[in-house]
Every structure is written in structure tokens, then in C-alpha cells.
Amino acid sequence: MASTIQIDRLLETVVRRGASDLHLAVGKAPTIRLHGGLRELQTKVLEGEDTMSLMKSITPERIQQEYEETGSGDFAFAYGEAARFRVAIFKQKGVCSMVLRQIPNKILTFEQVGLPKMAEQICRRPRGLFLVTGPTGSGKSTTLAAMINYINEQYDRHIITMEDPVEFYHKHKKSIVVQREVGVDVPDFYEAIRRALRQDPDVILVGEMRDTKTIGAAVTAAETGHLVFGTLHTNGAASTISRIIDAFPTDQQEQIRVQLANNLIAVLSQTLCPRIDQEGRLAAYEFMYVTPGIMNLIRENKVFRIDSEIQTGKRFGMQLLDDNLWGHFTAGRISAEEAIDKSRNPGYMVDRMQKAGYAVEAKDDALAAIAADAASGGTAAATGPGAPPGGAPIGTPGAKPAGPAGAQSEAERQAQIAANRARMQAQNQKK
């Protein structure tokens, strides 16, 4: 019996509703991810022959062969002029499953992404390493596409990207943009970087810095006079630097530490948060710009002090993730739960909210203990990760909420947030 579900209708629904992902799994109706939450579509429950038929309708022959041999495969394809999709196919319990991520054809601007002003200046730099980090699905590809598009529109550069697979397509504008797909145009990222150095590049984009060889090649490319963009699945600037250094054998760590100190320009670590004031999601970010002080901390292996440097580097546009989340929360853009969940230090975020007069509670014993310790000025609060310079707890008594919070009473703000949340829930129920 042939499948009665057509992939075109599913993709049209994803594009029309602005969903980020489409999940196809046996035993479940097709499901989309909308504004961070899963929404089941009103259609039949999928059977094994449905997912196999849907997979074969869009998957190239070489990827189907890879799927049969290894049990999984990845590729991207264009859905007309509406969007592109990055596809992961894989076997589970002996049947086929798929996840399709939508890649909008329209590339966002710096303002739409919410990038710091310093990002524009970084795009003008002739050499160095810029890292965009965060968990899967945090918008790293969207951020990098915005930066590559900005360079393409403003400067005459030869840009080489290496991706797995190619997501955003860039047309030649002022720059020449060459996009190489790993597994199709080149065997792996390391080989792509090695070959790129002989292709007269000005800008190199490394889609994923997966292993020591790729990381080393990217740092070397920056050192030899190229502007290199790369991604890592790390949270926070300090942990990104530690992750890179720790990836190398002990006898090579001193060398990579010096190379990183001399060539790293900035680290942008981001995450996506559902909004409560309107539909959609926003990016919360941590931004570190490498100043001479941070350069010395990296070289001297004092990465643990970087957070303090970020807190005092506001004139360079630097800020910690938790401070950015706090600003979004007090402005009524995200919920308290979201700010706590996405915080690098949830216990301190709870304490900060409580000291500012917000009625929040930690949802597990560990967070409650950290918040209580921070409130009492305990040892752990004074020395734990994310504590401010001098050992003071993050949420100092009498601190005023940032942004519009100062113009509203606490009761008004809580009422506004509750109303926003109720409106979003009502909209989701209608959908």
C-alpha cells in the first residue's frame, strides 16, 4: 500500500507556519517544532512504509546508499524558492526516521539577529579567528550567514566556506563566494582548510571544528593572514577556550595556547529563547572581545578569570550570557523559567531574581541550595563559577532591574509577563 502522505504538503506547512524543524518517526504523526515547542500535525500516524517513501522522495542516491550501509545520512536540498532544508535520515528500531531543519532563503541582518556592534568591525579585520558557539539549534549558522553576507555586500573578498551540508546559499556580490560541501566537494574539513590556503582566500568559514586536526588547521589559517570563522558546541567564552586547548595532547597545549592568544579575535556564545511578548524566539548571547588583558589570561593559562574581564569590558560590547538573559527577562521578553533554564549559573539567577523582588522558586533541590547559599553570602556563592569580581554574589541587595523594569512597579511587571504568557498559550491552542 503506497503512502498517502506527500512530502510537499508537509514542507509547505513547515514554511507557512515558520517552523524550525519537521520530525518524521514511525508510530507518531508528523510533528513540527514551532517557537521551540513540538506541535503534532493533524494527519495520520506514520508507518514504516510512509517514512521510507518520504525519505526516497527527496534523498539523493548516494545518500540512500550511505543510509543502507551505515544506518544514517545527511544532506540538504532546496524547496523551490521558499526555503532550503537540512535533512538527517537514520534507522531506529529497524525503520526509517527523518528530521528536516528549515533554512530560510532570506539571510537576516545584524540588527535582526541581534549581533553586537563590534561584529561589524570584526568583519573588516584582515586576519584572525572569530568563533560562534552554542548548543545544537542555537542559531549559529544563521549568525555566520549574516556575517558572511555582510562581508559579501560591503567588501571585495574571496570567501571560501566549508560546510556539512551547505545550508545558506550566497550569491556573488562584491565578493566571490565559493561554498564547498564536505562529502561532496571535499572529503573532510581538515582537507578543505588545507586546500583553501592555496586558493587565494581572504575569508574562510569552517562549518564545524570537530577534531584536533581541524581546530589546528583553522588556527594556523588565521595565523597565516586570513579571517577565519568557526563554530563549536560549547557554552560561554571561557569554556570555549578551555575546550580548544584541552583537545590537544599535553605536550602541544602550550603552543596552541600561544597561537590562540595571538590570533583569537572574539567569541560569541548564543542560545535561543522562546518569547512571551510576541511570537517567535530571540537570541541571548555572551560576547567576548579579545583585549590585551584577555590575551595575557589565555597565554598565562588563567582562563578562569575571563568572566571578570568580560564584566568590566562593556565599552567593547562585552557581556556575559546571564546578564543578557537578565536584561531580556526584566524587559518582559522571556519568562523567568526560560532565563533560569538557559542561564550558565541557574542557582545564581534564581538568587538574583529573588533579591530584585521577583517571586520565583528553584524547581530542584540543587538550584534551591545554590540560591540559598548565594543569598546568605556563603563560601560557594562567593567562589562559584559566574560569581562577580571580588567574590560578591551576582544579585546584590537593592539592585534595580535593568531596562524598562525601573519604570514599572513590580506588580505591573508581573501582570505584564503573566498576560504575555497567557496570550502565547492561547495562540498556541488555536494552532
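Residues numbered from 1 in each chain as written. Predicted model: local features only at pLDDT ≥ 70, side-chain atom pairs only at ≥ 80, totals over all residues. Heavy atoms only, no water.

S.K.: Looking at this model, I keep getting lost on the overall build of the protein chain. Mind explaining?
M.R.: If you tally the helices and strands in the protein chain, you get 18 helices and 13 strands. Here the protein chain holds 431 residues, and 50% of them are scored as buried. Taking the contacts inside the protein chain whose residues are at least 6 apart along the sequence as the reference set, 58% of them involve residues at least 24 apart. With an accessible surface of roughly 20,000 Å², the protein chain has 49% of that area assigned to carbon and sulfur atoms. (Helix = DSSP H or I, 4+ residues; strand = E, 2+ residues; numbered from the N terminus. Buried < 20%, exposed > 50% of the residue type's maximum accessible area, 1.4 Å probe, protein only. Contact = heavy atoms within 4.5 Å. Areas by Shrake-Rupley, 256 points an atom, 1.4 Å probe, with all protein chains shown as cover.)

S.K.: Can you walk me through the packing of aromatic side chains in this structure?
M.R.: Given two aromatic rings, one states the distance between the centres and the angle between the planes to describe the pair. Under the definition given, this model contains ten aromatic pairs. Considering the side-chain rings of Phe75 and Phe77, the 6.2 Å spacing of their centres and the 35° angle between planes classify their relative orientation as tilted. Judged on exposure class, the residue Phe75 and its partner Phe77 are both buried. Of the aromatic side chains, those joined through ring pairs into one cluster are Phe75, Phe77, Tyr79 and Phe85. Taking NZ or CZ as reference, Arg84 lies 3.9 Å from the ring centre of Tyr169, over its face. When the ring centre of Tyr67 is taken as reference, the NZ or CZ atom of Lys91 above it lies at 5.3 Å. (Phe/Tyr/Trp six-rings, centres within 6.5 Å; stacked < 30°, edge-to-face > 60°. Lys NZ or Arg CZ within 6 Å of the ring centre and 35° of its normal.)

S.K.: Where do I start with the packing of helix H7 (residues 189-196) against helix H8 (residues 212-223) in this structure?
M.R.: Packed helix pairs are characterised by how far apart their axes lie and by the angle those axes make with each other. Their axes nearest at 8 Å, the elements H7 and H8 cross at an angle of 20°. In terms of orientation, H7 lies roughly parallel with respect to H8. Read as a crossing pair, H7 and H8 show a hand that is left-handed. Along its contact with H7, which presents Phe189, Tyr190 and Ile193, the element H8 presents Lys213, Thr214, Ala217, Ala218 and Ala221. Here the contact of H7 with H8 is composed, by residue class, of six nonpolar, one polar and one charged. (Axes fitted to C-alpha atoms, helices over the stretch in contact; angles between N-to-C directions. Parallel < 35°, antiparallel > 145°, perpendicular 65-115°, else oblique. Left-handed = near helix turned anticlockwise from the far one by under 90°. Nonpolar A, V, L, I, M, F, W, Y, C, P; charged D, E, K, R; others polar.)

S.K.: Whenever I open this one, the environment of Ala222 confuses me. Can you help?
M.R.: Along the chain, Ala222 turns up in helix H8. Overall, Ala222 belongs to the buried group, its relative accessible area being 0%. Distance from Ala222 to Asn263, taken between C-alpha atoms, is 6.4 Å for residues 41 residues apart in sequence. In this structure Ala222 touches Arg127, Gly128, Leu129, Val228 and Asn263, once residues within four positions along its chain are discounted.

S.K.: Sorry, what's going on with the confidence of the model for the protein chain here?
M.R.: Considering every residue of the protein chain, the mean pLDDT works out to 86; 83% of them sit at 70 or more. In the model of the protein chain, helix H17 (residues 379-383) stands out as the element of lowest mean pLDDT, 42, in contrast to strand S10 (residues 203-206), which has the highest, 98. This model gives residues 379-408 a pLDDT under 50, and the stretch forms 49 contacts once residues within four places in sequence are excluded. (pLDDT = per-residue confidence, 0-100.)

S.K.: Got a minute to help me understand the sheet that holds strand S3 (residues 37-40) in this structure?
M.R.: In a beta sheet, neighbouring strands are held together by backbone hydrogen bonds and run either parallel or antiparallel to one another. An order of S3-S2-S1-S6-S5-S4 is seen for the six strands of this open sheet, with the pairing classed as antiparallel. In the strand order of this sheet, the two ends are held by S3 and strand S4 (72-79), each with one partner. Sheet twist, expressed as the mean angle between neighbouring strand axes with direction ignored, is 20°. Where S4 meets strand S5 (residues 83-92), eight bridges bridge the pair, whose relative direction is antiparallel. From the neighbouring strand, Phe77 faces S5, where its bridge partner is Phe85. On the sheet, helix H3 (residues 61-70) packs against S4, S5 and strand S6 (95-104) and is oriented at approximately 160° with respect to S4. (Pairing = 2+ DSSP bridges.)

S.K.: What exactly am I supposed to notice about the sheet that holds strand S8 (residues 158-163) here?
M.R.: Pairing in this open sheet of seven strands is mixed, and the strands run S9-S8-S10-S11-S7-S12-S13 from one edge to the other. Single-partner strands in this sheet number two, and they are strand S9 (176-181) and strand S13 (281-289). Sheet twist, expressed as the average angle between the axes of neighbouring strands with direction ignored, equals 15°. Sheet topology note: the strand S12 (residues 264-274)/S13 ladder contains nine bridges and is antiparallel. Paired with Val267 across the two strands is Met288, which belongs to S13.

S.K.: Hey, could you run me through H7 in this one?
M.R.: An α-helical turn contains 3.6 residues, so a residue and the one three or four places further along point in the same direction. Along H7, the residues classified as buried are Phe189, Glu191, Ala192, Ile193 and Ala196. On its buried face, H7 sits against S8, S9, S10 and H8. The backbone nitrogen of Tyr190 has a side-chain oxygen 3.3 Å away, supplied by the residue at the start of H7, namely Asp188. (Polar contact = N/O pair within 3.5 Å; in protein donor to acceptor, adjacent residues only side chain to side chain.)

S.K.: Can you walk me through a negative patch on the surface in this structure?
M.R.: Negative charge collects at one region of the surface, where Glu66, Glu68, Glu69 and Asp74 lie side by side. Here the negative patch gets three residues from one element, more than from any other, and that element is H3. The class of Asp74 is partly exposed, set by a relative accessible area of 44%. (Patch = residues over 30% accessible without salt bridge, like charges linked within 9 Å, V, L, I, M, F, W, Y side chains within 5 Å. Salt bridge = Lys/Arg side-chain N within 4 Å of Asp/Glu carboxyl O. Lys, Arg positive; Asp, Glu negative; His and termini not counted. Charge placed at Lys NZ, Arg CZ, Asp CG, Glu CD.)

S.K.: What is the right way to look at the pairing of strand S7 (residues 128-133) in this model?
M.R.: Every other side chain in a regular strand lies on the same face of the sheet, so the side chains alternate between the two faces. With respect to burial, S7 is a largely interior element, six of its six residues being buried. Both faces of S7 are covered, namely the face carrying Gly128, Phe130 and Val132 and the face carrying Leu129, Leu131 and Thr133. Here S7 runs beside strand S11 (residues 227-232); their pairing, made up of six bridges, is parallel. Across the sheet, residue Leu131 finds its bridge partner in S11, namely Gly230. Alignment of S7 against S12, held across five bridges, turns out to be parallel. Across the sheet, the residue bridging to Thr133 is Ser269, located in S12.

S.K.: Looking at this structure, I do not really get the pattern of salt bridges. What am I missing?
M.R.: Where charged atoms from two side chains of opposite charge approach closely, those side chains can pair. In the structure shown here, the tally under the stated rule is 19 salt bridges. A salt bridge links Lys173 to Glu153, with the shortest nitrogen-to-oxygen separation between them at 3.3 Å. Highlighted residues: Lys173 in the loop between S8 and S9 and Glu153 in helix H6 (residues 140-154), separated in sequence by 20 residues. Residues participating in the shared-partner salt-bridge network are Asp164, Glu208 and Arg210.

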